[in-house]
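Read off the chains here:
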Amino acid sequence: MEKSDGLVKKTDGDETAAEAVNGGIEEVESIEKIFESKEVPPWQNQLTFRAFFVGFVLSVLFTFIVMKLNLTTGIIPSLNVSAGLLGFFFVKTWTKILEKSGLLRQQFTRQENTVIQTCVVAASGIAFSGGFGSYLFAMSETIAGQSTEANDSINVKNPSLNWMIGFLFVVSFLGLFSVTPLRKIMIINFRLTYPSGTATAHLINSFHTPRGAKLAKKQVKTLGKFFSFSFLWGFFQWFFTAGDGCGFVSFPTFGLKAYENRFYFDFSATYVGVGMICPYIINISMLIGAILSWGIMWPLIKNRKGDWYSATLSDSSLHGLQGYRVFIAIATILGDGLYNFFKVFGHTLIGLYQHIRSRRAELVRPIDEQPQAPATLSYNDQIRTKLFIQDRIPNWLAIAGYVAIAIVSTATLPVIFPPLRWYHIVVMYIIAPVLAFCNAYGCGLTDWSLASTYGKFAIFIIGAWAGAAHGGVLAGLAACGVMMNIVSTAADLSQDFKTGYLTLASPRSMFVSQFIGTSMGCIISPCVFWLFYKAFGDLGTHGSVYAAPFASVYRNMAILGVEGFGSLPKHCLTLCYIFFAAAMAINAIRDFVGPKWAKFIPVPMAMAIPFYLGGYFTIDMCIGSLILFIWEKIDKAKADAFAPAMASGLICGDGIWTLPSSILALAGIKPPICMKFLSRSKNAKVDAFLTS
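In this text, all values refer to a predicted model and were calculated from it rather than measured experimentally.

Thresholds, definitions, all that
Residues numbered from 1 in each chain as written. Predicted model: local features only at pLDDT ≥ 70, side-chain atom pairs only at ≥ 80, totals over all residues. Heavy atoms only, no water. Helix = DSSP H or I, 4+ residues; strand = E, 2+ residues; numbered from the N terminus. Rg over C-alpha atoms; globule rule 2.2 N^0.38 Å. Buried < 20%, exposed > 50% of the residue type's maximum accessible area, 1.4 Å probe, protein only. Contact = heavy atoms within 4.5 Å. Areas by Shrake-Rupley, 256 points an atom, 1.4 Å probe, with all protein chains shown as cover. Lys, Arg positive; Asp, Glu negative; His and termini not counted. Charge placed at Lys NZ, Arg CZ, Asp CG, Glu CD. Phe/Tyr/Trp six-rings, centres within 6.5 Å; stacked < 30°, edge-to-face > 60°. Lys NZ or Arg CZ within 6 Å of the ring centre and 35° of its normal. 1 Å grid on protein atoms, 1.4 Å probe; cavity = no way out; pocket = protein on both sides within 12 Å on 5 of 7 lines; lining within 4 Å. Points joined across faces, edges and corners; volume = space filled by probe spheres on them. Nonpolar A, V, L, I, M, F, W, Y, C, P; charged D, E, K, R; others polar. Salt bridge = Lys/Arg side-chain N within 4 Å of Asp/Glu carboxyl O. Expected span 1.5 Å × (residues − 1). Axes fitted to C-alpha atoms, helices over the stretch in contact; angles between N-to-C directions. Left-handed = near helix turned anticlockwise from the far one by under 90°. pLDDT = per-residue confidence, 0-100.

Enquirer: Kindly report on the overall build of the protein chain, identifying the contributing residues and their values.
Expert: Scanning the protein chain for helices and strands turns up 31 helices and zero strands. At 25 Å, the protein chain has a C-alpha radius of gyration in line with the 26 Å of a compact globule built from 692 residues. Along the first, second and third principal axes, the C-alpha set of the protein chain runs to 95 × 55 × 50 Å. Across the 692 residues that make up the protein chain, the buried fraction comes to 57%. A fraction of 83% describes how many contacts in the protein chain between residues 6 or more apart in sequence connect residues 24 or more apart. Put simply, the protein chain shows about 28,500 Å² of open surface, and 66% of that area lies on carbon and sulfur atoms. Measuring between centres, the 54 positive side-chain charges of the protein chain sit 3 Å from its 40 negative side-chain charges.

Enquirer: With reference to specific residues and values, describe the packing of aromatic side chains.
Expert: One pass over the structure, following the stated rule, counts 51 aromatic pairs. Members of the aromatic cluster, each reached through a chain of ring pairs, are Trp233, Phe236, Phe240, Phe248, Phe251, Phe265, Phe267 and Phe677. It is Lys33 that lies over the ring of Tyr379; its NZ or CZ is 5.0 Å from the centre. If you follow Arg110 out to its NZ or CZ, it ends over the ring of Phe35, 3.9 Å from the centre.

Enquirer: A description of the side chain of Ser513 should follow, citing residues and the corresponding values.
Expert: With respect to the element layout, Ser513 can be found in helix 24 (residues 507-535). A residue is classified by how much of its surface remains accessible, and Ser513, at 0% relative accessible area, is buried. Residues within four places of Ser513 in sequence aside, it is in contact with Leu47, Phe52, Val115, Thr118 and Cys119.

Enquirer: Could you give an account of empty space enclosed by the protein, naming the residues involved and the relevant values?
Expert: Counting across every chain of the model gives five cavities of 30 Å³ or more. In this structure, the second largest cavity occupies an estimated 70 Å³ of space. Lining the second largest cavity are 11 residues; nearest its centre among them are Gly125, Ile126, Ser129, Ser488 and Asp492. Considering each element in turn, the lining of the second largest cavity owes the most residues, five residues, to helix 7 (residues 110-129). Of the residues contributing to the lining of the second largest cavity, the split by class is three nonpolar, six polar and two charged.

Enquirer: With reference to specific residues and values, describe the pattern of salt bridges.
Expert: Evaluated as defined, the whole model comprises nine salt bridges. Across the pair Lys343 and Asp591 runs a salt bridge, and its minimum N-O distance is 3.3 Å. Taken together, the residues Lys343 in helix 17 (residues 321-364) and Asp591 in helix 26 (residues 572-593) connect sequence positions 248 residues apart. When its relative accessible area of 28% is taken as the criterion, Lys343 is described as partly exposed.

Enquirer: Pulling in residues and values, what's your account of helix 22 (residues 451-466)?
Expert: Taking 1.5 Å of rise per residue, the 16 residues of helix 22 would be expected to cover 22 Å, and the 22 Å separating its terminal C-alpha atoms lies within 8% of that figure. Inspection of helix 22 places Ala451, Ser452, Thr453, Tyr454, Gly455, Lys456, Ala458, Ile459, Ile462, Gly463 and Ala466 among the buried residues, and these make up the whole buried set. Residue Gly467 follows helix 22 closely and has a positive phi angle near 90°.

Enquirer: If you had to explain the environment of Val487 to someone new, which residues and values would you point to?
Expert: Examined against the element boundaries, Val487 turns out to sit in helix 23 (residues 472-503). Of the residues examined, Val487 reaches a relative accessible area of 0% and is grouped as buried. It is 24 Å that separates the C-alpha atoms of Val487 and Lys68, two residues lying 419 residues apart in sequence. Setting aside residues no more than four positions away along its own chain, Val487 makes contact with Leu435, Ala436, Asn439, Ala451 and Tyr454.

Enquirer: Which residues make up the packing of helix 16 (residues 280-302) against helix 29 (residues 616-634), and what values do they have?
Expert: In contact at an axis separation of 9 Å, helix 16 and helix 29 are set at 145° when each is read in the N-to-C sense. For helix 16 against helix 29, the interelement crossing comes out left-handed. Of helix 29, the residues touching helix 16 (which contributes Tyr280, Asn283, Met286, Leu287 and Ala290) are Phe617, Thr618, Ile619, Met621, Cys622, Ser625, Leu628, Phe629 and Glu632. Here the contact of helix 16 with helix 29 is built from residues that sort into 10 nonpolar, three polar and one charged.

Enquirer: Describe the confidence of the model for the protein chain, naming the residues involved and giving the relevant values.
Expert: Across the protein chain, the average pLDDT comes to 85, with 93% of residues at or above 70. Low pLDDT, under 50, characterises residues 367-375; the stretch is placed with four contacts to residues that sit more than four places away or in other chains.

Okay, structure coming up:
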């Protein structure tokens, strides 16, 4: 999802980061003294073949997982713990085998572990920022055919491996070059927290201590156990899915009426795991949103059929009930996104102002009042700062790289997307470094990336600029992709610089690892999406397993930006205004009452997700929360240590099952059984028909 339009970037380590920053950046003062006897390898030796080989394998694994999440609900939790844990396990196993055979030449270090982590997160991140579940798939004929507006050939572009890979290669690296010259300012001068990057660094540092290595082994066993269970459960379920509406995924847990309104438990190991990772308030917010929409609003609006919208329209028509579902969800997402944009942007400006003011105050202070610099830095920070500054990345390289890629991109993108003109691209590339810095700086302060919000701004601005008659919908969606990739990768690299700073990994090795990981992602993600696209014929179809809900949301945003509100059903615009205002008001109240009470107030962004999809996955996620809650009550220490590993195993096993299930679908091998549920009256009719 839009990393749930900001939601998941926030939860991208929400709990881990909260522990690391609020409780655990109570870092052991002498952490670098623990590693004092271990020599820090030069940056070239941190970039090993085994690191990138393991990084590639894990990138494929996590890309499948992220792609499945993208195309089902769009909710993507943080997989940083899984990536760090599996990277440590695989290379540690590799080195032990080589050590026993006498072939080991280089020990496994925390710097190499950081390289793996960076590579995997960069590669799997392309599955999100590449727009396969949002703006990119929104260009397709499948999604365009679900509305009557702007579905002509000039506003449609069907997926193809060639142009998808080419597009990602020309837009995914600009963010890396745009933020590189500012790394020292953000990490050393401003000392930004980057909570997720800090949490990841503490995790990696802990793995490489004797006690941490023992715990990591136990965590890997837990992950492997639940990975196997989840994979086998997915395999078992497959046998009962011979037709539409068949299998455990269509089990009417709370009765057939509730099932019709999308309230049921679909036995998804993935979303039980996701529920264990996401904060309680996120899961409860989605459940409240599902009850409000599918339990109250949509049945009431459906009763107005023939008055508010034509009685001849189906429930899936955007001029009918589906229009209310989609556009009220969009209004809520935009209200939440806009509020958080101004909030984070305000934090950014205030933080910059305070840093500049404190610098000026130090410059004009008398010499005898100047604080002694050494006293302000701990032993850890002295070591880290020295090594971070030592391996510089030349500014000329960053500037030359940005300009060169921008030139190639400006020439290439209009060929891929004819409605997107060269001057649209030039304007975006002029302002992109400023927005990339703002996003990276804001992420350092709040752990919140607003990549999807910047992408939505691009949809409306470029789409309106291009105009309805000149392919404005396609131009807006393409512009969204350009902007999202730039600001997202800028924030990701800044997080990686912080992780590298805390693990003594060189900025050069971080940059190269991010670059190689991004390159892997530009190939792996389109190939994985192509597998889904070819294997599942109903991909993107409303009501299917892989409905790609955010693709429809993004396309309708682009249509709104180009054609305005004239096509909305009766009273839909009024309801959109109400929910837009309510989203901003609820966020303001959450900030006003403070963290103590905010945890009891629902998050509007999370509430909006089930508006379009239904409540089935929220049931799964709340069950995950319930499991975690009970576990924490019984043994909090064990839950804190092993719950992330258990959740990751559930997500990874079910996610990887999509690979063999896709291959079976492509080979034309169908499940042998259809398990379906009928009401008593329908069952009697079926029995009578069969016996007649």
